[in-house]
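A structural walkthrough
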Amino acid sequence: MFDGYDSCSEESTSSSSSEDSEDEVVPSIPASLPIIKNNGQVYTYPDGKAGMATCEMCGMVGVRDAFYSKTKRFCSVSCSRSYSSNSKKASILARLQVSGKPPTKKAKVLQKQPLMAKLAAYAQYQASQQNQAKSKAVVPAESFDWGRYICSNNTAGAPVSCFKHAPMGMCWGDIEEGVRIEVPNSDTSLSTKVYWIAEIIKLAGFKALLRYEGFDNDNSKDFWCNLCIPEVHPVGWCASSGKPLVPPKSIQHKYSNWKVFLVKRLTGAKTLPPDFNAKVHENMQFPFKKLMRVEVVDKNYLCRTRVALVEQVIGGRLRLVYEESQDRSDDFWCHMLSPLIHNIGWSRSIGHRFKRSDIAKKMEGQVDAPAQLFQKVKDVDQSGEWFKDGMKLEAIDPLNLSAICVATVRKVLADGYLMIGIDGSEAVDGSDWFCYHSTSPSIFPVGFCEINNIELTPPRGYTKLPFKWFDYLREMGSIAAPVKLFNKEVPNHGFRQGMKLEAVDLMEPRLVCVATVTRIVHRLLRIHFDGWEDEYDQWVDCESPDLYPVGWCQLTGYQLQPPASQSNREMPQSVPKQKKKAQQYKGQKKKSLLRMKEETAEVDEFTFSQGTSDQESNGSGSYYIKQEP
């Protein structure tokens, strides 16, 4: 990767372009300022006249020796290829002289001007091209300063490799501290965009603390950068793309030969893979499209599903609008890999309750989302020992995600799905039952909380405390679901206590918030929302698609909710103290959701008869539960 720094000769030519004269030398550029261009050759602006040349493709004016090819007609390889591909027989400037036509807007930029004006014009043109490219890609949107937050709290961000569902989660590779990259140089007085090499000092998700080469132990110019933005490149990109490498002006005096310095510092160093930017672009493509139809849980009655349309896709998160919504405001947010969404016909196939839509005619452009787009569940064998109605277990309450509760299997569906109810708070008609797959990491065998020192929420109204499973099972005349039926796999997820991340508030799933991993129990993570009280923490699986690396919101353009002490998340303005604001907001949200348990489901629904399944059994693993006599 270092061949480009010493592959061209040190010779320079003293010939000048006929257009260039002494008054065209940029006064703000010091005579000793080195510019590394193309193959890594170090060039210096000479005193007085400079050997200048104008690119015949884009019109850029620069040091002649820095131009590409023997004839020095083009500023970069890309311009040379573009010129050849367009089969131009003469330069743009030459054609302007013989055509006799009025000069176009682009031609005016290429006509003879002072060098400063030409550089400024080219910089403006280059910026406009970059802005156009950005508008086609994702526009970063972040008001919260993750870098400052991490440094001030001396914390670490969870690695990107922890999030397999996130962009680059499966191909992050060996990106670590010490890796060198090429990034725009912000410490320069030049009007054009120039680059320099930086070292990753600290990593936090997608974000990296960078230090320009040459600063050594000086951190005065350190800065945070999202590694997946288009301006970040592997070492060698400038050489192959014909972009200038210019050392920061704060340290340009430190070395007389920057080429020797770079070769020495970069020998043996790691950089990004050559196809890193292409992989980022590929990972930012998502299969779900607007107006695709899906079945999704009814947010008002968790026991049933409804048809919804994909309205928006941001970073793999879907804004789904329920089909009956006339003003398209009745929506629900979830990730495309969420277990809450399914293909059309899923409810019928497993025997799940489903709310029939009143819409008789589809909108133009609607199409059922293909079944292969949805998250696949493991095959299970329900023919032998299996879950039965009335069996007891422990489960995360989907309406109070900070609690693991005493629960009961209320109905066994096909394909390994179960309808679960929370003991002591169930509606008579079962309208608050919720569906978990038998392999779900959100259900646990009896005794899980006791063994792992987690507070188990007893049934509402149960007075024999402390709660004892053995006594409760005997009183209820029930049996515990066999331990071997539960998911026992614990992946090497990489999360550590105290790591920062961006997490969905599943009680308000349109919000992605600054969060911290505060506890890890096997594959279960306790997620704390920074600035909120602990009672609003949520238990989440380590492979949940609702967890994201630091910088995910910036990368995808999703709005990140800062810690409560820095935000105004729909707070009543009359409440004077932030702590009271947080309590009122979260309390209102929790209360409104819990109220669903007390309401009666609408009659406009029906239940399909359960289908059959012919599936293989789960793999086994090690899992220890204390059994009482």
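Residues numbered from 1 in each chain as written. Predicted model: local features only at pLDDT ≥ 70, side-chain atom pairs only at ≥ 80, totals over all residues. Heavy atoms only, no water.

Under an unreviewed UniProt entry, the protein chain has the name Mbt domain containing 1 and belongs to Sparus aurata. As its UniProt record puts it under Subcellular location (unreviewed entry), the protein chain is described as follows: "Nucleus". (UniProt positions renumbered as here; feature names shortened; annotations may be inferred.)

**Quick notes on the side chain of Gln-366**
Within the secondary structure, Gln-366 sits in the loop between strand 15 (353-354) and strand 16 (367-368). Judged by its relative accessible area of 13%, Gln-366 falls in the buried class. The contacts of Gln-366, once residues within four sequence positions are left out, are Leu-291, Arg-293, Leu-309 and Glu-323. (Helix = DSSP H or I, 4+ residues; strand = E, 2+ residues; numbered from the N terminus. Buried < 20%, exposed > 50% of the residue type's maximum accessible area, 1.4 Å probe, protein only. Contact = heavy atoms within 4.5 Å.)

**Some thoughts on the nonpolar core**
The biggest cluster of nonpolar side chains holds 59 residues, and the ones touching the most others in it are Phe-288, Leu-320, Phe-387, Ile-404 and Ile-420. For Ile-420, the contacting residues outside a window of four places in its chain are Leu-393, Ala-395, Ala-407, Thr-408, Val-409, Arg-410, Trp-433, Phe-434 and Tyr-436. Listed in part, the 54 residues of the second largest apolar core include Trp-196, Val-504, Cys-553 and Tyr-558. (Core = buried A, V, L, I, M, F, W, Y, C linked by side-chain atoms within 4.5 Å.)

**Quick notes on the sheet that holds strand 7 (residues 207-212)**
A sheet is described by the order of its strands in space; here five strands give the open sequence 8-7-6-5-9, paired in antiparallel fashion. Each edge of the sheet is formed by a strand with only one pairing partner; in this case those strands are strand 8 (223-226) and strand 9 (233-234). The sheet contact formed by strand 6 (residues 195-204) and strand 7 spans six bridges and is antiparallel. In the sheet register, Leu-203 faces strand 7, and the bridge partner there is Ala-208. (Pairing = 2+ DSSP bridges.)

**Re the pairing of strand 6**
With seven of ten residues buried, strand 6 lies mostly within the body of the structure. Bridging between strand 5 (residues 180-184) and strand 6 involves five bridges; their strand directions are antiparallel. Across the sheet, residue Glu-182 finds its bridge partner in strand 6, namely Ile-197. In sequence, strand 6 turns back onto strand 7 through a hairpin of two residues, with Gly-205 there showing a positive phi of about 65°.

**Brief notes about the side chain of Arg-211**
For Arg-211, the position within the fold is in strand 7. For Arg-211, the side chain forms a polar contact with the side chain of Asp-222, separated by 2.8 Å. If we skip the residues at most four places from it in the chain, Arg-211 touches Ile-197, Ala-198, Glu-199, Ile-201, Asp-216, Asn-217, Asp-218, Asn-219 and Asp-222. (Polar contact = N/O pair within 3.5 Å; in protein donor to acceptor, adjacent residues only side chain to side chain.)

**Let's talk about the packing of aromatic side chains**
Inspection of every chain in the model, using the stated rule, returns 28 aromatic pairs. Judged by centre distance (5.1 Å) and plane angle (65°), the rings of Phe-144 and Tyr-149 are edge-to-face. By the burial criterion, Phe-144 is buried, and Tyr-149 matches it. Ring plane angle 15° and centroid distance 4.0 Å describe the contact between Tyr-548 and Trp-552, whose orientation is recorded as stacked. Grouped by ring-pair contacts, the aromatic residues Trp-196, Tyr-255, Trp-258 and Phe-261 constitute a single cluster. Positioned above the aromatic ring of Tyr-322, the side-chain terminus of Arg-306 is 3.9 Å from the ring centre. (Phe/Tyr/Trp six-rings, centres within 6.5 Å; stacked < 30°, edge-to-face > 60°. Lys NZ or Arg CZ within 6 Å of the ring centre and 35° of its normal.)

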